[in-house]
There are 4 protein chains.
Amino acid sequence: MIDAEILERHNRQREAAHRRDLEYLAERLARSGIALEVVLDELATFEVALPTWAMAAGGTRFGRFPIPGEPRTIFEKLEDAAVIHQLTRATPRVSPHFPWDVVDDWAALRAHAEALGLGFDAVNSNTFQDQPGQPHSYKLGSLSHADPAVRRQAIAHNLQVVAWGQELGSTALTVWLADGSNYPGQMHLRRSFERVQESLAEIYAALPEGWRMLIEYKPYEPAFYATVIQDWGSALLLAQALGERAQCLVDLGHHLPNTNIELIVARLIGVGKLGGFHFNDAKYGDDDLTAGSIKPYQLFLVFNELVDAAREGVPGFRPAYMIDQSHNVKDPIEALLQTVDHLQRAYARALLVDREALSHYQETGDVLMAERTLRAAFETDVGPLVAEVRRRRGGALDPVLAFRESGYRQQKARERSTPATAQAPGYA
Amino acid sequence: MIDAEILERHNRQREAAHRRDLEYLAERLARSGIALEVVLDELATFEVALPTWAMAAGGTRFGRFPIPGEPRTIFEKLEDAAVIHQLTRATPRVSPHFPWDVVDDWAALRAHAEALGLGFDAVNSNTFQDQPGQPHSYKLGSLSHADPAVRRQAIAHNLQVVAWGQELGSTALTVWLADGSNYPGQMHLRRSFERVQESLAEIYAALPEGWRMLIEYKPYEPAFYATVIQDWGSALLLAQALGERAQCLVDLGHHLPNTNIELIVARLIGVGKLGGFHFNDAKYGDDDLTAGSIKPYQLFLVFNELVDAAREGVPGFRPAYMIDQSHNVKDPIEALLQTVDHLQRAYARALLVDREALSHYQETGDVLMAERTLRAAFETDVGPLVAEVRRRRGGALDPVLAFRESGYRQQKARERSTPATAQAPGYA
Amino acid sequence: MIDAEILERHNRQREAAHRRDLEYLAERLARSGIALEVVLDELATFEVALPTWAMAAGGTRFGRFPIPGEPRTIFEKLEDAAVIHQLTRATPRVSPHFPWDVVDDWAALRAHAEALGLGFDAVNSNTFQDQPGQPHSYKLGSLSHADPAVRRQAIAHNLQVVAWGQELGSTALTVWLADGSNYPGQMHLRRSFERVQESLAEIYAALPEGWRMLIEYKPYEPAFYATVIQDWGSALLLAQALGERAQCLVDLGHHLPNTNIELIVARLIGVGKLGGFHFNDAKYGDDDLTAGSIKPYQLFLVFNELVDAAREGVPGFRPAYMIDQSHNVKDPIEALLQTVDHLQRAYARALLVDREALSHYQETGDVLMAERTLRAAFETDVGPLVAEVRRRRGGALDPVLAFRESGYRQQKARERSTPATAQAPGYA
Amino acid sequence: MIDAEILERHNRQREAAHRRDLEYLAERLARSGIALEVVLDELATFEVALPTWAMAAGGTRFGRFPIPGEPRTIFEKLEDAAVIHQLTRATPRVSPHFPWDVVDDWAALRAHAEALGLGFDAVNSNTFQDQPGQPHSYKLGSLSHADPAVRRQAIAHNLQVVAWGQELGSTALTVWLADGSNYPGQMHLRRSFERVQESLAEIYAALPEGWRMLIEYKPYEPAFYATVIQDWGSALLLAQALGERAQCLVDLGHHLPNTNIELIVARLIGVGKLGGFHFNDAKYGDDDLTAGSIKPYQLFLVFNELVDAAREGVPGFRPAYMIDQSHNVKDPIEALLQTVDHLQRAYARALLVDREALSHYQETGDVLMAERTLRAAFETDVGPLVAEVRRRRGGALDPVLAFRESGYRQQKARERSTPATAQAPGYA
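All of these numbers come straight from a predicted model, not from anything done at the bench.

Caption draft 1: Local environment of the overall build of chain A. A count of helices and strands for chain A gives 15 helices and 13 strands. Here chain A has a C-alpha radius of gyration of 22 Å; the compact-globule value for 428 residues is 22 Å, and the two agree. A buried classification covers 70% of the 428 residues belonging to chain A. Counting contacts in chain A only where the partners sit at least 6 residues apart, residues at least 24 apart contribute 80% of the total. Taken as a whole, chain A presents about 13,100 Å² of accessible surface, with 49% of it coming from carbon and sulfur.

Now the structure itself:
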């Protein structure tokens with residue numbers, strides 16, 4: 001963790017300017033009838049889970065560029081996560097990925113997390129890679145595989161992941177499948193879907209009390225012709241077939257070009273099947289870039305749907321917020337600090353939308369003013385709001401700079417062995 | 001209609017070569033254990049409905065280029081449709097669009113069609129344009145409009161369309177909505193969908209015995225930010241909410257870039273909600289080009305799913321086949337003749353797929369051979385098959401050339417007044 | 001024009017809050033070493049041309065919804081343009097489209113514009129529609145047509161447009177071609193391009209002293225398989241072949257999905273071939289929505305390249321700024337007022353970028369801080385800046401609301417006959 | 001290599017049916033005035049280079065599934081390539097990738113290739129990965145890097161690759177750069193392009209006599225916001241700046257959604273800058289699937305442009321044909337055998353196009369018949385043609401089946417050690 005004194009000094013140096021900005025914002029919002037404190041209280045409730053798999057440098061099929069001080073184990077990843085939570089005060093939980101994060105002593109891991117002030121969010125299974133010694137290969141599918149032996153192995157893995165999750169106090173299983181095909185004909189399109197449904201039903205039936213299943217969809221990659229759960233419609237069919245505790249998970253990067261994602265979010269809210277999010281951003285495919293870094297307005301429009309549903313009190317509306325990114329060129333800790341900030345800004349802006357006015361303009365067909373109502377919120381510089389929420393809870397006014405001031409990465413670079421240069425991952 | 005003698009002469013001139021090609025194909029198929037006659041019989045069952053709105057030259061927002069001899073009324077459109085059916089023997093029904101095709105005397109229209117050997121397929125309502133004297137505008141929506149008065153007007157129009165359809169012997173209502181928004185904020189995303197569902201429920205409740213409702217989806221155009229029924233997932237939710245006789249209609253051009261359409265077809269078949277098709281093709285958006293003209297392999301893969309479902313005997317599988325195209329640069333009759341040929345070729349190829357072998361390769365994970373099984377069917381030149389089906393039923397070996405030989409268009413150009421030059425439709 | 005008193009009252013009512021916002025912004029910018037006055041001065045130089053064709057309600061191939069008070073002639077369009085300039089003080093020129101805007105008395109038109117304080121920007125030719133009495137049709141192309149007679153007609157039209165432009169004091173010809181093909185084979189891909197080049201060379205050779213030719217590119221619509229000038233690469237080849245006064249025009253809506261437009265802008269700047277812009281926005285195709293309404297960050301990134309080039313003093317950098325939108329659901333005047341505001345905001349934000357810091361982070365490989373430098377500018381609420389620039393030059397603090405307060409549209413609705421309901425433009 | 005007897009037996013078993021198919025095709029083509037022998041002679045000239053990097057199982061960032069018998073060295077890759085050439089008689093050259101294919105003894109490698117009947121095609125440099133011991137990292141770019149030391153290292157590597165290529169008798173350098181940025185602001189868009197141009201100029205200046213430089217473009221991956229050579233326009237600018245021996249290389253997977261690739265091919269032919277191809281196919285991104293497996297009509301349309309240019313005798317038209325694929329689920333040798341067959345089929349079909357008729361229909365504006373002329377060629381089953389070309393040159397009638405009959409892979413699986421299970425390449 002970062003030395004409290006460093007954090008204090010960081011905040012002290014920025015305090016005067018921050019207060020000035022906040023005062024002005026309070027005055028400005030008051031003009032529109034918005035009470036700063038109310039917004040701050042709502043904003044303070046926002047929490048998002050950190051992915052263990054995004055704590056080290058990510059890569060592409062063309063290569064990976066390791067950085068000094070990367071975490072090598074789940075224990076080290078938790079340390080890094082604790083720093084992110086210390087600076088943002090908005091990431092109290094970590095989402096593990098198995099078997100990557102498997103340990104011998106689960107109690108020790110849980111205790112380690114607790115000592116760091118962290119808990120565990122949804123657990124993730126992995127049937128898109130073969131593990132050493134594994135009897136059957138997932139090369140041609142897992143829960144949808146034509147061979148029942150492969151399906152049984154994949155089901156067993158998921159059940160095992162749930163058991164590990166119970167050890168850690170998790171209450172949700174996220175299922176993302178790489179199942180699909182690269183060529184027309186390779187896979188029977190209907191039967192593979194039926195098999196996934198049957199496999200998921202076995203896992204769903206074994207879910208512990210209070211657990212949810214979150215089903216991801218994705219149109220392509222690593223399968224390049226068809227995937228078994230290709231879009232929200234397919235994920236919805238599965239969630240409908242499984243039952244109330246099965247819901248859909250929206251990964252912002254898992255959509256075809258030009259998709260209106262906020263509209264999908266609205267549809268899933270409308271039928272009570274929005275289970276949660278994997279936040280990230282993308283310009284082309286599943287780029288796994290920093291959330292809000294490419295299409296900040298889109299991120300705001302997604303949060304606008306979420307705040308709208310929360311305000312309305314849509315029954316059962318309780319989405320899980322998680323980050324899923326690949327940090328290929330940024331320091332992962334810095335990137336996650338920035339990500340949390342982007343998410344909070346989008347949320348803060350959505351909180352500022354004058355919903356009464358918006359509703360009025362929508363009902364009366366005043367297109368331009370309805371749009372302006374959203375834009376007024378979007379164009380507000382909510383930086384001071386987000387910083388104030390952090391400050392009040394003991395975090396940093398500017399987490400990225402505070403992190404740099406702390407020298408944490410350099411210290412870890414000394415403590416943790418540098419990984420070897422990563423060779424061509426997509427090639428033999 | 002075209003003079004029988006012309007048609008006969010056309011076929012006679014091509015007969016020798018045709019027989020030769022057919023003989024070879026029979027021999028070739030026999031080698032793979034396929035009986036030509038069986039395929040011919042199955043192929044002969046294929047029928048597709050012609051759209052009245054595609055009988056005259058189409059256009060874009062930038063303009064329309066009329067051609068001499070275009071039909072001006074539904075009566076003239078039926079004449080042209082009869083010629084298409086005469087030459088192809090595969091288009092015995094016409095799909096009307098209201099109010100464009102409204103007439104004073106429905107009995108006369110029905111008699112006219114019957115005299116031409118034609119019947120009526122699904123009727124289409126139009127709430128994407130304002131009609132002269134209409135009390136409320138559809139500028140900001142119809143069945144989803146925030147104003148109940150507009151919704152009532154749109155519901156009433158649909159009920160009226162059903163009534164007209166009953167006059168004509170139709171048994172299905174196709175609903176395509178332009179409802180949507182051009183700007184974020186313009187429309188409440190969830191409420192507009194709820195309103196569509198309520199409106200459709202009123203129409204559904206009033207459907208005559210034996211009727212189906214076919215619900216189209218479309219991601220954009222003419223709405224450019226969000227549409228109310230944007231994808232198959234949304235159409236499915238509506239069809240589920242309405243009941244068994246509500247199904248989804250797949251227009252091949254109504255998808256985002258890179259969408260795997262055959263996969264959607266498989267999903268809809270899987271849940272018994274595939275209502276039918278609007279056939280066309282596209283490279284970019286809803287281009288409404290000749291079916292199979294841009295992505296012939298995709299069209300084959302769609303038909304592959306259809307034949308697969310039919311062979312399997314999926315309960316309730318009974319999709320309606322319709323064409324929906326815009327003929328901006330081709331003679332509409334010629335384009336439709338070519339379209340029917342393309343559709344039959346895709347169907348014929350799908351019939352040639354060795355499904356037993358395919359299934360075997362899929363189950364044993366032989367990716368390349370599974371793909372090759374599809375390709376073998378796709379690469380077969382099925383022209384002789386399709387021509388033979390036409391010939392046996394009294395049609396033309398080469399419909400487009402037979403049409404040209406008939407001089408039909410030139411005759412109509414003399415009989416029908418030439419339309420005025422079309423001015424900038426997208427501009428004031 | 002709008003009564004000066006109404007405008008004054010409008011500003012008076014908002015003055016106190018505006019001053020407060022501006023003071024704070026000045027203080028905040030000063031903290032970052034930016035002088036408000038310098039930014040205001042630069043921002044005040046921004047001017048953008050209004051398109052005459054976007055003054056009335058636009059439409060799609062599915063229909064057009066006219067609004068009361070639409071302008072019917074170029075004279076009325078100039079009146080509306082004058083109101084936009086009065087309120088924004090940033091649109092002193094109008095871009096005409098011929099033959100739509102052809103008049104009998106050019107001197108009268110020019111005098112009318114001058115009286116309204118307006119001049120004329122680039123003139124646009126139209127070879128995508130047939131005009132009554134025109135000997136040859138553009139159905140299958142104009143400057144690229146296989147028939148030399150059609151090309152000659154299209155060349156003559158362009159020369160005529162230049163002559164008309166001279167009457168009006170214009171100094172640029174914008175050429176957008178609908179030339180292309182809907183089906184493979186329709187057009188010889190290489191020869192059609194060669195013919196366009198030859199045709200443009202004739203027009204270029206006849207350009208008056210001081211004139212520029214701006215060449216648009218577009219991947220599709222109304223041609224749906226291939227266009228003759230499909231992308232910036234093709235436009236560049238033409239501009240290179242023609243000469244120094246031929247440059248490329250970037251219409252923001254004329255790109256394939258996911259295109260990085262700011263990168264194209266950078267490339268064209270780099271070779272001195274960025275002629276200008278048609279501003280608008282899009283989510284799917286050439287949607288012609290309000291600039292900045294869908295992807296505000298992209299618009300900022302485009303302006304970032306422009307400001308960067310201007311600051312660097314790239315030789316010959318002198319892009320023409322024009323709007324090209326279709327106002328299907330908003331009041332066109334309001335939409336244009338909003339558009340100008342959006343453009344000015346994007347420009348203002350680009351002016352705030354700390355280029356020295358940015359350059360430092362780029363050179364030292366500090367990815368996150370480089371990005372943050374852009375974001376800091378983007379997240380600044382520049383509304384007060386833009387409003388102040390308008391106020392100082394006699395415009396409105398809030399142009400849209402001032403326009404509504406003026407009652408201008410209602411008055412025109414009384415004066416100008418309401419257009420008839422627009423019928424199915426894409427259909428016969 | 002495969003036992004000659006096995007190959008002979010393979011062909012003998014299929015000979016009768018093959019002769020029958022060929023006879024019919026000859027008769028059929030003769031009807032259209034096409035001499036089978038002429039087509040066979042032209043088809044026999046088609047050669048395509050094999051990529052060494054696609055001889056082992058490929059992977060994605062999510063994993064790689066090794067197969068038994070994969071080649072481990074360039075020597076083993078050449079053995080596999082020799083088998084492909086033995087069966088297809090169309091792949092006499094191999095394209096190496098450095099430093100992956102670096103050896104100690106170049107003469108030995110060259111001799112090994114010659115003994116196998118193989119030569120070397122274009123050499124590929126690799127500046128998208130860091131090699132052990134390399135002083136500077138390519139994480140943030142290579143030839144475009146802001147740091148001149150990194151650029152010098154990358155230039156030196158390319159010069160080294162050329163030197164290695166000379167050892168092997170190669171005469172072309174293919175440059176594909178991963179240079180780009182993941183976030184706005186990361187890279188100065190214009191300056192990074194200028195730096196690439198300067199770096200390439202140094203390499204170009206050092207090219208040996210008779211060598212060409214082939215410049216690839218790619219819109220994204222592994223850079224996810226902007227790439228330095230993003231499209232053919234950018235590659236063209238570089239090729240123009242460098243000189244006559246610099247040309248553009250079209251990788252079919254390196255395009256944005258919906259791109260009309262054959263149109264780009266036509267443009268590059270038109271300016272003499274089409275250097276060659278990396279053949280593959282894709283549905284979504286750079287999927288690197290079997291050429292022609294997803295969009296066979298597109299592949300035909302590309303070859304249609306190539307044949308058209310060859311027939312016309314466009315000066316300097318001499319494209320290099322290479323394959324660039326990733327074989328994630330198919331046996332790489334089988335996939336390459338299938339690929340060569342697909343390419344030959346596309347070429348054969350393009351040879352069958354009646355160019356005189358096509359030209360006539362294009363000039364007279366007969367859209368439908370022009371399209372039909374292409375389709376007639378495309379729909380011809382050219383399998384017998386392609387098989388006959390192979391047979392006459394000593395290859396296999398059905399290369400994939402012949403390969404399976406040979407037991408080659410099983411033998412190699414015994415000889416070559418099985419690679420370890422590949423772990424999560426995109427993750428730390």
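Structure shown, so let's carry the discussion forward.
Caption draft 2: Examining the relation of the copies chain A and chain D more closely. After a rotation of 180° and a shift along the axis of 0.0 Å, chain A superposes on chain D with an RMSD of 0.0 Å. On this basis, the relationship between the two copies can be described by a two-fold rotation axis. Mapped onto chain D, 100% of the interface residues of chain A are again interface residues, and the two copies thus contact each other with one and the same surface.

Caption draft 3: Expanded view of the interface of chain A and chain B. If you look at the interface, chain A gives 53 residues, while chain B gives 53 residues. Taking both sides of the interface into account, the surface hidden between chain A and chain B amounts to around 4,400 Å²; carbon and sulfur atoms contribute 56%. Where chain A packs against chain B, one counts six salt bridges. For Glu312 of chain B, the salt bridge goes to Arg190 of chain A, with nearest N and O atoms at 3.0 Å. For the interface between chain A and chain B, the tally reads 23 residue pairs in polar contact (both at pLDDT 80 or more).

Caption draft 4: Just helix 12 (residues 367-378) of chain A, in detail. Residues and elements named next belong to chain A. Over its twelve residues, helix 12 extends 17 Å from the first C-alpha to the last, a length consistent with the 16 Å expected when each residue adds 1.5 Å. Burial runs high along helix 12: ten of the twelve residues are buried. Of the positions making up helix 12, those classed as buried are Val367, Leu368, Met369, Ala370, Glu371, Thr373, Leu374, Arg375, Ala377 and Phe378.

Caption draft 5: Spotlight on the UniProt feature "domain: Xylose isomerase-like TIM barrel" (unreviewed entry) in chain A. UniProt marks residues 98-288 of chain A with the feature "domain: Xylose isomerase-like TIM barrel" (unreviewed entry), using the numbering shown here. Here residues 98-288 of chain A runs as 36% helix and 15% strand, with 20 Å between its end C-alpha atoms.

Caption draft 6: Highlighting the sheet that holds strand 11 (residues 246-251) of chain D. Residue and element names in this part refer to chain D. Strand order in the open sheet formed by six strands is 6-7-9-11-12-13, and the pairing between neighbours is parallel. Taken across any chain shown, the strands that pair with only one partner, and hence form the sheet edges, are strand 6 (123-124) and strand 13 (320-323). By the bridge criterion, four bridges tie strand 9 (residues 212-216) to strand 11 in an arrangement that is parallel. Bridging from a neighbouring strand, Leu214 pairs with Gln247 of strand 11.

Caption draft 7: Expanded view of the interface of chain A and chain D. On the chain D side, the residues contacting the 59 residues of chain A number 59 residues. Summed over both sides, the interface between chain A and chain D buries roughly 5,200 Å², with carbon and sulfur atoms accounting for 62% of that surface. A per-residue breakdown of the area chain A buries against chain D is headed by Arg61, Phe65 and Tyr183 of chain A, which together make up 15% of the total. Between the two partners, chain A and chain D, sit six salt bridges. Of the charged contacts, one joins Arg61 of chain A and Glu221 of chain D as a salt bridge, the two residues approaching to 3.0 Å between their closest N and O atoms. Inspection of the chain A/chain D interface yields twelve residue pairs in polar contact (both at pLDDT 80 or more). Those elements that provide at least two residues to the side of chain A that touches chain D are strand 2 (59-60) and strand 3 (63-64) of chain A. Residue classes in the side of chain A that touches chain D are distributed as 30 nonpolar, 17 polar and twelve charged.

Caption draft 8: The environment of Gln197 of chain B, seen in detail. All names here are of chain B. Position of Gln197 relative to the elements: it lies in helix 6 (residues 189-205). Residues Gln197 and Ala235, 38 residues apart in the sequence, show an inter-C-alpha distance of 9.9 Å. Beyond its immediate sequence surroundings of up to four residues, Gln197 is in contact with Leu238, Ala241 and Leu242.

Caption draft 9: Representation of the sheet that holds strand 1 (residues 50-51) of chain B in the model. All names here are of chain B. Within the open sheet, the three strands sit side by side as 1-4-5. Their pairing is parallel. Each of the sheet's edge strands pairs with one partner strand only, and the pair in question is strand 1 and strand 5 (119-120). Bridge count for strand 1 against strand 4 (residues 93-95) is two bridges, and the pairing is parallel. Within strand 4, the position partnered with Pro51 by the bridge is Ser95.

Caption draft 10: Up close: the pairing of strand 11 of chain D. Residues and elements named next belong to chain D. The buried count for strand 11 comes to six of six residues, which makes it a mostly enclosed element. Of the strand pairs in this sheet, strand 11 and strand 12 (residues 274-279) are connected by four bridges, and their pairing is parallel. Considered in strand 12, the bridge of Val250 is made with Phe277. After leaving strand 11, the chain enters helix 8 (residues 261-270) and then returns to the sheet as strand 12, a path that is right-handed.

Caption draft 11: Expanded view of the state of the cysteines. Counted under the stated rule, the structure contains zero disulfides over all chains. No disulfide involves Cys248 of chain A; its nearest neighbouring cysteine sulfur is the one of Cys248 of chain B, lying 16 Å away.

Caption draft 12: Structural view of unusual backbone geometry. A cis geometry characterises the amide bond from Glu221 of chain B onward to Pro222 of chain B, with omega recorded as 10°. As for its position among the elements, Pro222 of chain B is in the loop between strand 9 (212-216) and strand 10 (226-227). In this model, Arg89 of chain C sits at a positive phi of 60°, which is unusual for a non-glycine residue. Take Arg89 of chain C: it is sitting in the loop between helix 3 (74-88) and strand 4 (93-95).

Caption draft 13: Local environment of the side chain of Asp398 of chain D. Relative to the helices and strands, Asp398 of chain D is located in the loop between helix 13 (383-392) and helix 14 (399-406). Judged by its relative accessible area of 14%, Asp398 of chain D falls in the buried class. With near-sequence residues (within four places) excluded, Asp398 of chain D lies in contact with Arg372 of chain B together with His10 and Arg14 of chain D.

Caption draft 14: Main features of the packing of aromatic side chains. Taken as a whole, this structure holds 88 aromatic pairs over all chains when the rule is applied. In this arrangement the basic side chain of Lys283 of chain C is found over the ring face of Tyr284 of chain C, its NZ or CZ atom lying 5.9 Å from the centre.

Caption draft 15: The pattern of salt bridges, seen in detail. Residues and elements named next belong to chain B. Considering all chains together, one arrives at 164 salt bridges over all chains under this definition. The shortest N-O distance in the salt bridge between Glu334 and Arg404 comes to 3.0 Å. Of this pair, Glu334 sits in helix 10 (residues 332-352) while Arg404 sits in helix 14 (residues 399-406), placing them 70 residues apart in sequence. By relative accessible area, which is 9% here, Glu334 ends up buried.

Caption draft 16: Here's a closer look at the environment of Arg318 of chain B. Residues and elements named next belong to chain B. Mapping Arg318 onto the fold places it in the loop between helix 9 (296-312) and strand 13 (320-323). When the C-alpha positions of Arg318 and Arg404 are compared, they lie 35 Å apart, and in sequence the two are 86 residues distant. Apart from the residues lying within four places of it in its own chain, the contact partners of Arg318 are Arg212 and Gly275.

Caption draft 17: Seen up close, the side chain of His97 of chain C. Along the polypeptide, His97 of chain C turns up in the loop between strand 4 and helix 4 (106-115). Discounting residues that sit within four places of it in the chain, His97 of chain C has contacts with Thr52, Trp53, Asn124, Ser125, Asn126 and Phe128 of chain C.

Caption draft 18: Representation of helix 7 (residues 232-242) of chain A. For helix 7 of chain A, a buried count of nine out of eleven residues is recorded, marking the element as mostly surrounded by other parts of the structure. Of all the positions in helix 7 of chain A, only Trp232, Gly233, Ser234, Ala235, Leu236, Leu237, Leu238, Ala239 and Leu242 of chain A are classed as buried. Those residues of helix 7 of chain A hidden inside the fold are in contact with helix 6 (189-205), strand 9 (212-216), strand 11 (246-251) and helix 8 (261-270) of chain A together with helix 7 (232-242) and helix 8 (261-270) of chain B.

Quick notes on the rules
- Residues numbered from 1 in each chain as written.
- Chains lettered and ligands numbered in written order.
- Predicted model: local features only at pLDDT ≥ 70, side-chain atom pairs only at ≥ 80, totals over all residues.
- Heavy atoms only, no water.
- Helix = DSSP H or I, 4+ residues; strand = E, 2+ residues; numbered from the N terminus.
- Rg over C-alpha atoms; globule rule 2.2 N^0.38 Å.
- Buried < 20%, exposed > 50% of the residue type's maximum accessible area, 1.4 Å probe, protein only.
- Contact = heavy atoms within 4.5 Å.
- Areas by Shrake-Rupley, 256 points an atom, 1.4 Å probe, with all protein chains shown as cover.
- Least-squares fit on C-alpha atoms with pLDDT ≥ 70 in both.
- Buried area = accessible area lost by both parts, 1.4 Å probe.
- Salt bridge = Lys/Arg side-chain N within 4 Å of Asp/Glu carboxyl O.
- Polar contact = N/O pair within 3.5 Å; in protein donor to acceptor, adjacent residues only side chain to side chain.
- Expected span 1.5 Å × (residues − 1).
- UniProt positions renumbered as here; feature names shortened; annotations may be inferred.
- Pairing = 2+ DSSP bridges.
- Nonpolar A, V, L, I, M, F, W, Y, C, P; charged D, E, K, R; others polar.
- Right-handed = clockwise from strand over helix to strand, strands pointing away.
- Disulfide = S-S within 2.5 Å.
- Phe/Tyr/Trp six-rings, centres within 6.5 Å; stacked < 30°, edge-to-face > 60°.
- Lys NZ or Arg CZ within 6 Å of the ring centre and 35° of its normal.

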